[in-house]
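Structural overview for review
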Amino acid sequence: PSFGASLHILKVEIGGDGQSTDGTEPSHMHYENDENYFRGYEWWLMKEAKKRNPKIKLIGLPWTFPAWIGKGENWPYDYPDVTAYYIVSWILGAKQYHDLDIDYIGIWNERAFSSKYIKLLRYTLDKHGLQQVRIIASDRLWEPISFVLLLDSELHGVVDVIGAHYPGTKTVPNALLTKKKLWSSEDYSTFNDEVGAGCWARILNQNYVNGNMTSTIAWNLVASYYEELPFGRCGLMTAQEPWSGHYKVEAPIWITAHTTQFTQPGWSYLQVDGHLEGGGSFVALTDGLGNLTVIIETMTHNHSQCIRPPLPHFSVTPQRATFYLKGSFYMVETLQVWHSRLGFESGNSSLFQQLHPVKVWKGSFSLDLNVDEVYTLTTLKTGQKCGCPEPPPPQPFPSNYKDDFNIRNPPFSEAPNFADQTGVFEYFINASDPGDHVFTLRQVVVQRPITWASDADQTISVIGNFQWVNMTVTCDIYIEKQRDGGVFVAGRVDNGGIYVRRTKGVFFWVFADGTYRVTGDLAGEEILMKGLSGVRDNAWHTLTLNIQGTSASGLLNGYPLWENVTISKPSNGWAAIGTRSFEFAQFDNFHIE
């Protein structure tokens, strides 16, 4: 609080083992008889958030679900009692293992809702003493949820918040008629340069001014994923080099501070018409105890376009605005002033600077507003722009990288820098192997999840520098699935995220039936070479893939297996490991040069 972004609310994915835009997040229950509340990074993230701000609100929302939830169908509502049990287990686990209180729970991100399931979820929450957990629905559009709430009084009784995505600052009549809290429960998603900051400034105000929304949640918190994945750098700040420690506090962080450092959950919006005559908007909020905060934005059209929806044209001109304080605010004598100006072409931006206080004379004050500015005027004396040490300089991913996965008590369930794009790759301890492969990385998703995006039919985890051209990838592999099991190592991998199915690259596969293949794609349809390898399941083998210029070669256990395979495209990309299907397999002693 009162430091930087000073966030009020943190929304996390309830991992479901499926692709959710830039990768997969692991489920707390991969299988029906499995429970583990220490997978992935969300538990850590929520605890770190609570350390900094114990009052931050927490929301959980699933994108995908493990296969067993649907008993073979790609649908989470056929057995609503199973789904409710699964979600409530996550909430109970958050409390039992991490002392985290989840405040809000969602239904299914940007997919259909089931009224029956929502009612059962409320019943199951209450049965487990979780009356304080509120339900938000449906994280899609305003309709049909608003219409259904008006028709179904029982559903109306259990949904606390209507959450819409990318509403373009507008709501619909039915949503207003429900009298529910209205939230933009996912918004922004815009490249975090100054236009992104302009987008964020505009919607933070106008979601309330035009759409009566009292919460706006940015996807995503921080761009900490390979930039070449979908929606690269669409976070409030950028921290995408864990190997160097470099990060960048982008302009949207300071736009956030204009609202979050001078208001809190529990404050109320004053119901004024917040449209300014010369274009732009303002909101006014109070804590009900005499404090007042006014936030003004004058973003121009071309400097505030979000990624979606399309923004109709409007004009903003420099203007003098006079504000009148009445009622209990008539007694206010001075207001603290914080100011940002987005410079764009001129390049001289000024972000979150404290200016001289404004004197209020007989309940009124005037401001000369230019375009592309944000002002906060507040009775609060808090607020600071942290002076932080410079982060380490940026560096590319190491050009010689090894991981033997030999870690007895890893801080996370997954190895650093690997970005799972289908399937989940976890640290594994091989109790049965007394030899060199006790500590390995294992692919653990063995049935296709209930998907949100188009996950591949193969599993894959990418790593490294997308700009790499020539490389040697070596990895020890262990096929666990008999007969039709298979694994690969790959280079020049060109895609991931929601586009993972169309991934191209150079893939070196070995199969449990003793054959090998070289393909130009993850799907395995573009076959460049094939033959016999002598590889079998349940034994360790070493694969080496060497790509130089337009030629690739492969070694098995240190001996040449195939060579002189011509590679046309892609011309660059990540390294990767993975499996032929949703199957158990292990990897060890990964090395890339």
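Right above here is the structure, for reference.
Attention in this report is confined to the structure presented alongside it. (Residues numbered from 1 in each chain as written. Predicted model: local features only at pLDDT ≥ 70, side-chain atom pairs only at ≥ 80, totals over all residues. Heavy atoms only, no water.)

Throughout the structure, instances matching the rule amount to 38 aromatic pairs. Both rings, one in tyrosine 226 and one in tryptophan 243, keep their centres 6.3 Å apart while their planes meet at 25 degrees; by these two values the pair is stacked. With a gap of 17 residues between them, tyrosine 226 in the loop between strand S8 (222–223) and strand S9 (237–241) and tryptophan 243 in the loop between S9 and strand S10 (246–248) connect regions that are remote in the sequence. Since its relative accessible area comes to 8%, tyrosine 226 is described here as buried. Judged by centre distance (5.7 Å) and plane angle (40 degrees), the rings of phenylalanine 262 and tryptophan 338 are tilted. Highlighted residues: phenylalanine 262 in the loop between helix H8 (251–260) and strand S11 (268–269) and tryptophan 338 in strand S15 (residues 334–341), separated in sequence by 76 residues. Residues phenylalanine 262 and tryptophan 338 agree in their burial class; the two are buried. An aromatic cluster of at least three residues, connected via ring pairs, comprises Phe65, Trp68, Trp75, Tyr77, Tyr86, Trp108 and Tyr117. If you follow lysine 71 out to its NZ or CZ, it ends over the ring of tyrosine 79, 4.2 Å from the centre. The ring of tryptophan 254 has lysine 385 sitting right over it, with the charged end atom 5.0 Å from the ring centre. (Phe/Tyr/Trp six-rings, centres within 6.5 Å; stacked < 30°, edge-to-face > 60°. Helix = DSSP H or I, 4+ residues; strand = E, 2+ residues; numbered from the N terminus. Buried < 20%, exposed > 50% of the residue type's maximum accessible area, 1.4 Å probe, protein only. Lys NZ or Arg CZ within 6 Å of the ring centre and 35° of its normal.)

Attention now goes to helix H3 (residues 115–127). With 13 residues, H3 extends 18 Å between its outermost C-alpha atoms, agreeing within 8% with the 18 Å of an ideal straight helix rising 1.5 Å per residue. Listing the buried residues of H3 in full gives Ser115, Tyr117, Ile118, Leu121, Arg122, Thr124 and Leu125. As for H3, its buried residues are in contact with helix H2 (80–98), strand S3 (104–105), strand S4 (134–140), helix H4 (145–151) and helix H5 (153–158). Phi turns positive, to about 75 degrees, at glycine 129, one or two residues after H3. (Expected span 1.5 Å × (residues − 1). Contact = heavy atoms within 4.5 Å.)

The strands that make up a sheet are held in pairs by hydrogen bonds between backbone atoms, and each pair lies either parallel or antiparallel. Pairing in this open sheet of three strands is mixed, and the strands run S8-S9-S10 from one edge to the other. Of all strands in the sheet, those with a lone pairing partner are S8 and S10, marking the two edges. Two strands pair when backbone bridges link them, and S9 and S10 are joined in this way by two bridges, in the antiparallel orientation. By the bridge assignment for S10, glutamate 241 is matched with histidine 246. (Pairing = 2+ DSSP bridges.)

Attention shifts here to the pattern of salt bridges. Considering all chains together, one arrives at 18 salt bridges under this definition. Here aspartate 139 ties to lysine 11 by a salt bridge, and the two come within 2.8 Å at their closest N and O atoms. Remark: lysine 11 occurs in strand S1 (residues 9–14) and aspartate 139 occurs in strand S4; sequence separation between them is 128 residues. Owing to a relative accessible area of 1%, aspartate 139 belongs among the buried residues under this scheme. (Salt bridge = Lys/Arg side-chain N within 4 Å of Asp/Glu carboxyl O.)

With that out of the way, let us pick up the state of the cysteines. Taken as a whole and assessed by the stated rule, the structure comprises one disulfide. Covalent S-S linkage joins cysteine 199 and cysteine 306, the inter-sulfur distance amounting to 2.1 Å. Between cysteine 199 and cysteine 306 the sulfur-sulfur dihedral comes to about 100 degrees; the bridge is accordingly right-handed. Here the residue cysteine 199 occupies a position in helix H7 (residues 194–209), and cysteine 306 occupies one in the loop between strand S13 (292–297) and strand S14 (319–324), the gap between them amounting to 107 residues. The pair cysteine 199 / cysteine 306 is uniform in exposure class, with both members buried. (Disulfide = S-S within 2.5 Å.)

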